Amino acid sequence: QVNLIETGGGMVQVGGSLRLSCRASDDSFSPNVMAWFRQAPGKEREFVAYFSRNGGRSYYGDSVKGRFTISGINAKNTVFLQMNSLEPEDTDVYYCAARIDRLVLSAIRNAEHYNYWGQGTQVTVSS
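The numbering scheme is per chain: residues are counted from 1 as the chain's sequence reads. Local features in a predicted model are, by the rule used here, given only for residues with pLDDT of at least 70; side-chain atom pairs are given and counted only at 80 or more, and totals for whole chains, interfaces and linings are based on all residues. Only heavy atoms go into the side-chain values, all of them from the structure, while hydrogens and water stay out.

Asks: How should the nonpolar core be read in this particular structure?
Replies: Nonpolar side chains tend to gather and get buried jointly when the protein is soluble and globular. Of all hydrophobic cores here, the largest spans 26 residues; its most connected members are Leu4, Trp36, Val48, Phe68, Leu81, Met83 and Tyr94. Counting from the N terminus, the helices are DSSP H or I runs at least four residues long and the strands are E runs at least two residues long. The set of elements that each furnish at least two residues to this core consists of strand E3 (18-24), strand E4 (33-39), strand E5 (46-52), strand E7 (68-73), strand E8 (78-83), strand E9 (92-99) and strand E11 (121-126). At four residues, the largest contribution of residues to this core is made by E3. Excluding residues within four positions of it along the chain, Tyr94 makes contact with Glu6, Leu20, Phe37, Arg38, Val48, Phe68, Leu81, Met83, Gly120, Thr121 and Val123. We call a set of buried residues a nonpolar core when its members are Ala, Val, Leu, Ile, Met, Phe, Trp, Tyr or Cys and they connect through side-chain atoms within 4.5 Å of each other. Throughout this description, buried means an accessible area under 20% of the type-specific maximum (1.4 Å probe, protein chains only), exposed means over 50%, and partly exposed covers the range between. Phe37, Ala97, Leu103 and Ala107 belong to the second largest nonpolar core, which has 11 residues in total. The contact criterion used throughout is that any non-hydrogen atoms of two residues lie within 4.5 Å.

See below:
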């Protein structure tokens, strides 16, 4: 089974930055879309960012627009999430997700459409 491997989580102060990365354990794995979600205890998984392999386009959740940037290397199954101006509300477990097939734009925010997930990495923003 293919696994997604995440790194870069940690603890920062308000206004700080972190850079998350995600890659597949199998080099032959070739998803069309990859995304980031986050989840707090007892809450639903929240959409953060999306990256399209073929289109090279990105989309963001309303709460992170202007602060987070997703990027990817199309020739490799790797995505990054640059998080700037972090706030206490950004404290969550962050998950990398992937889907082999294309996904219509109206569905990218729904975690149920993604077939592969990372183990999650903790991000904590302290004041």
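Next, the rest of the story.
Asks: Where do I start with the environment of Val12 in this structure?
Replies: Mapped onto the elements, Val12 comes out in strand E2 (residues 10-13). Classification of Val12 by relative accessible area gives buried; the value is 15%. On a C-alpha basis, the gap between Val12 and Thr124 in space is 6.4 Å, while along the polypeptide they are 112 residues apart. If we skip the residues at most four places from it in the chain, Val12 touches Ser17, Leu18, Leu86, Thr124, Val125 and Ser126.

Asks: Help me out: how do you make sense of the side chain of Asn32 in this one?
Replies: Position of Asn32 among the secondary structure elements: in the loop between E3 and E4. For Asn32, the contacting residues outside a window of four places in its chain are Phe51, Ser52, Arg53, Asn54, Arg99, Ile100, Asp101 and Arg102.

Asks: Is there a simple way to explain the environment of Asp101 in this structure?
Replies: Position of Asp101 relative to the elements: it lies in the loop between E9 and strand E10 (116-117). A relative accessible area of 49% means that Asp101 is categorised as partly exposed. With residues near it in sequence (within four places) discarded, Asp101 still touches Asn32 and Val33.

Asks: I keep staring at the packing of aromatic side chains and nothing clicks. Help me out?
Replies: The geometry of an aromatic ring pair is captured by two quantities: the separation of the ring centres and the angle between the planes. Aromatic rings from Phe, Tyr and Trp, taking only the six-membered ring of Trp, are treated as a pair when their centres fall within 6.5 Å; an angle between ring planes under 30 degrees marks them as stacked, one over 60 as edge-to-face, and anything in between as tilted. A complete count under the given rule lists six aromatic pairs for this structure. Measuring from ring centre to ring centre gives 5.3 Å for Phe37 and Tyr114, while their planes differ by 70 degrees; the resulting arrangement is edge-to-face. With Phe37 in strand E4 and Tyr114 in the loop between E9 and E10, this residue pair connects regions lying 77 residues apart in the sequence. Across the pair, Tyr114 and Phe37 agree in class, each one buried. Through pairs of rings, three or more aromatic residues link up here, namely Phe37, Phe47, Tyr114 and Trp117. For the cation-ring pair, Arg45 lies above Tyr95, with the distance from its terminal atom to the ring centre recorded as 3.9 Å. To sit over a ring, a charge needs its Lys NZ or Arg CZ within 6 Å of the ring centre and within 35 degrees of the ring normal. A cation over a ring is seen here: Arg45 above Trp117, with NZ or CZ 4.7 Å from the ring centre.

Asks: I would appreciate a short explanation of unusual backbone geometry in the present structure.
Replies: Glycine aside, residues mostly have negative phi angles, and peptide bonds mostly take the trans form. Phi angles above zero are rare outside glycine, and Ser85 is one such case at about 50 degrees. Owing to a relative accessible area of 39%, Ser85 belongs among the partly exposed residues under this scheme.

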